[in-house]
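# Survey of secondary and tertiary structure
Listed below are the residues making up each chain.
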Amino acid sequence: MSDWPGGRSEERRRQAYGRGSTGAEPEGARAMPHVRRPVPPQQYSPPQGYDGAPVAGGHRVVGQGRPGDGDGYNTGQVYGRGAPNGPGGPGGPAGPGGGRPPRATRPNWRKRITVGLVTLLAVLLVVSVGTYFWADSKLRTEVDLSKVKDRPAAGEGTNYLIVGSDSREGLSDEDKKELHTGSADGKRTDSMMILHTGDNGTTMLSLPRDSWVTIPAFTGQKSGKRFAKSTHKLNQAYSDGGAELLAQTIEFNTGLRIDHYAEIGFGGFRNLVDALGGVEMCLDKPLKDRDSGADFKAGCQELNGAQSLAFVRQRHQEADQDLGRMRNQQKFLNTLAKQAASPSTVLNPFRLYPVIGSGLDTLIVDKDMGLFDLMDMFWAMKGVTGGDGKQMTVPIANPNLPTPSDGVAVKWDMAKANQLFGQLKKDEKVTVSDK
């Protein structure tokens, strides 16, 4: 029996070591029997260097002999991590324990953030457009400045005529009693201001309602009767011809062209303040006025709508009566604008929308005034509070001028007044003082 593994015969031995060989087997052959190993399935035999040189990727083929070595140990197996078709490799069978698990897909945060921002912007756009059309539909464009006759040429900047009227529109008998408004018919001006905006800042100029001025000739709105030019208190122009005649009278006496008109009555004023949640005012002294209903202590306090209306209407506690009242009105309007534009109002839709609704429901404006014009006027008023502008009254020569038919009136200092009106018309820096 042959002593060769696998039952190899002597002839096979001779073929392996050379035919006709008479010598003994090499020591290496005796020490390591030549055993055929089974070739594993899906073996990978990449190109390799001669005599077992390293292949690409740093792997070595084990058992690769020289060409012509027969079927020795040439298995072509590749060892090393990540062999393309080896165990654990991307193309080979799974290694022990199922091989490396598939890597989880990472979330694309850049894409998510982009989608979120686009969605947010779309929502804001829809809300903004909806709010604009809602607010625009509430504007009461009832004043037609195109009807004003003999208008002066337009100057630089923009002039807003802001009027507070004593209109009782929308007030019940109980409201009139609470607000101390009385029940007088018709409408009269309670306050008048020209707000000028331009490159040289903002000027808020108060015009006393008892100013002694020339009212140009006009045709009565209801009677159709023609009235000649006359001299009366400024308030008379509003009573006789409404907003259009008031604007014409102010243009005639100042030379300033009125670009836009805004008016609010008692009820609208009260509702606006209440929607805002009140306005905080700081008083230097206590105020008590039976006619307006004002009764306030000194110091800072929050005034509701009814209290605010009483504050801006009271005058008997002021040494200069109407002039002192105008200063209080300017102070209040500036504070109101500042609080209405605060983040606590603008960023809170539960407060912002009631404020807008209350303000626009009773605000009367001219036909050419849009929401952006109204916003410009509002921000200009707020700017005056922040120091970006000047508050003043038209220069006064005599606050107690006796008149033939209208009682005591206010006479302007025409030298200073004309200089002031000229600076505003040219949008120059105001240097005139009202003292």
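For the structure, check the block above.
The structure contained in this document is the topic of the report that follows. These numbers come from a predicted model, not from an experiment.

### Quick look at a nonpolar patch on the surface
There is a patch of nonpolar side chains on the surface, built from Trp-109, Ile-113, Leu-117, Leu-120, Leu-121 and Leu-124 and spanning about 650 Å² of accessible area. When you line up the elements, Leu-117 lands in helix H3 (residues 109–138).

### Topic: helix H5 (residues 234–254)
The terminal C-alpha atoms of H5 lie 12 Å apart, and with 21 residues this falls more than 12% below the ideal 30 Å at 1.5 Å per residue. Where H5 bends most, at Gly-241, the angle is about 140°. Buried residues dominate H5, accounting for 17 of its 21 residues. Backbone geometry just downstream of H5 places Gly-255 in the positive-phi region, at approximately 80°.

### Description of the pattern of salt bridges
Any two side chains of opposite charge can pair, on the condition that their charged atoms come close. As enumerated under the stated definition, the model contains four salt bridges in all. Two residues, Asp-210 and Lys-233, come together in a salt bridge whose shortest N-O distance is 3.8 Å. Of this pair, Asp-210 sits in the loop between strand E6 (201–206) and strand E7 (212–215) while Lys-233 sits in strand E10 (residues 230–233), placing them 23 residues apart in sequence. Residue Asp-210 is classed as buried on the basis of its relative accessible area, which comes to 17%. Residue Lys-233 is classed as buried on the basis of its relative accessible area of 18%. Across the pair Lys-288 and Asp-295 runs a salt bridge, and its minimum N-O distance is 3.3 Å.

### Side note on the nonpolar core
Judged by nonpolar contacts, the single largest core of 41 residues is most densely connected at Leu-195, Phe-296, Phe-311, Phe-332, Leu-336 and Met-377. By residue number, the principal contributor to this core is helix H6 (residues 266–276), which donates six residues. When residues no more than four places from it in sequence are discounted, the contact partners of Phe-332 are Phe-269, Val-273, Val-279, Met-281, Ser-308, Phe-311 and Val-312. If you look at the next biggest cluster of nonpolar residues, it comprises 29 residues, including Met-192, Ala-247, Met-392 and Val-430.

### Quick word on the sheet that holds strand E16 (residues 364–366)
Pairing within the open sheet is mixed, and its seven strands lie in the order E3-E16-E11-E4-E5-E6-E17. With one partner strand each, in any of the chains shown, strand E3 (140–143) and strand E17 (389–393) form the two edges of the open sheet. Across this sheet, the average inter-strand angle for adjacent strands is 25°, counted without regard to direction. Against the sheet, helix H12 (residues 414–425) touches strand E5 (189–198), E6 and E17, its axis set at about 145° to E6.

### Structural notes on the packing of H6 against helix H8 (residues 322–340)
One way to put it is that H6 packs onto H8 with a least axis distance of 11 Å and a crossing angle of 40°. As the angle between them shows, H6 and H8 are arranged oblique. Crossing geometry of H6 relative to H8 is assigned as left-handed. From H6, Phe-269, Leu-272, Val-273 and Leu-276 reach across to H8, where they touch Phe-332, Leu-336, Gln-339 and Ala-340. Looking at the contact of H6 with H8, its residues break down into seven nonpolar, one polar and no charged.

### Looking at the side chain of Thr-393
Residue placement: Thr-393 occurs in strand E17. Once residues within four sequence positions are removed from consideration, Thr-393 is found in contact with Leu-205, Ser-206, Pro-208, Leu-323, Met-326 and Asp-434.

Cut-offs applied
- Residues numbered from 1 in each chain as written.
- Predicted model: local features only at pLDDT ≥ 70, side-chain atom pairs only at ≥ 80, totals over all residues.
- Heavy atoms only, no water.
- Patch = residues over 30% accessible without salt bridge, like charges linked within 9 Å, V, L, I, M, F, W, Y side chains within 5 Å.
- Areas by Shrake-Rupley, 256 points an atom, 1.4 Å probe, with all protein chains shown as cover.
- Salt bridge = Lys/Arg side-chain N within 4 Å of Asp/Glu carboxyl O.
- Helix = DSSP H or I, 4+ residues; strand = E, 2+ residues; numbered from the N terminus.
- Expected span 1.5 Å × (residues − 1).
- Bend = angle between axes of the 7 residues up to and from the residue.
- Buried < 20%, exposed > 50% of the residue type's maximum accessible area, 1.4 Å probe, protein only.
- Core = buried A, V, L, I, M, F, W, Y, C linked by side-chain atoms within 4.5 Å.
- Contact = heavy atoms within 4.5 Å.
- Pairing = 2+ DSSP bridges.
- Axes fitted to C-alpha atoms, helices over the stretch in contact; angles between N-to-C directions.
- Parallel < 35°, antiparallel > 145°, perpendicular 65-115°, else oblique.
- Left-handed = near helix turned anticlockwise from the far one by under 90°.
- Nonpolar A, V, L, I, M, F, W, Y, C, P; charged D, E, K, R; others polar.

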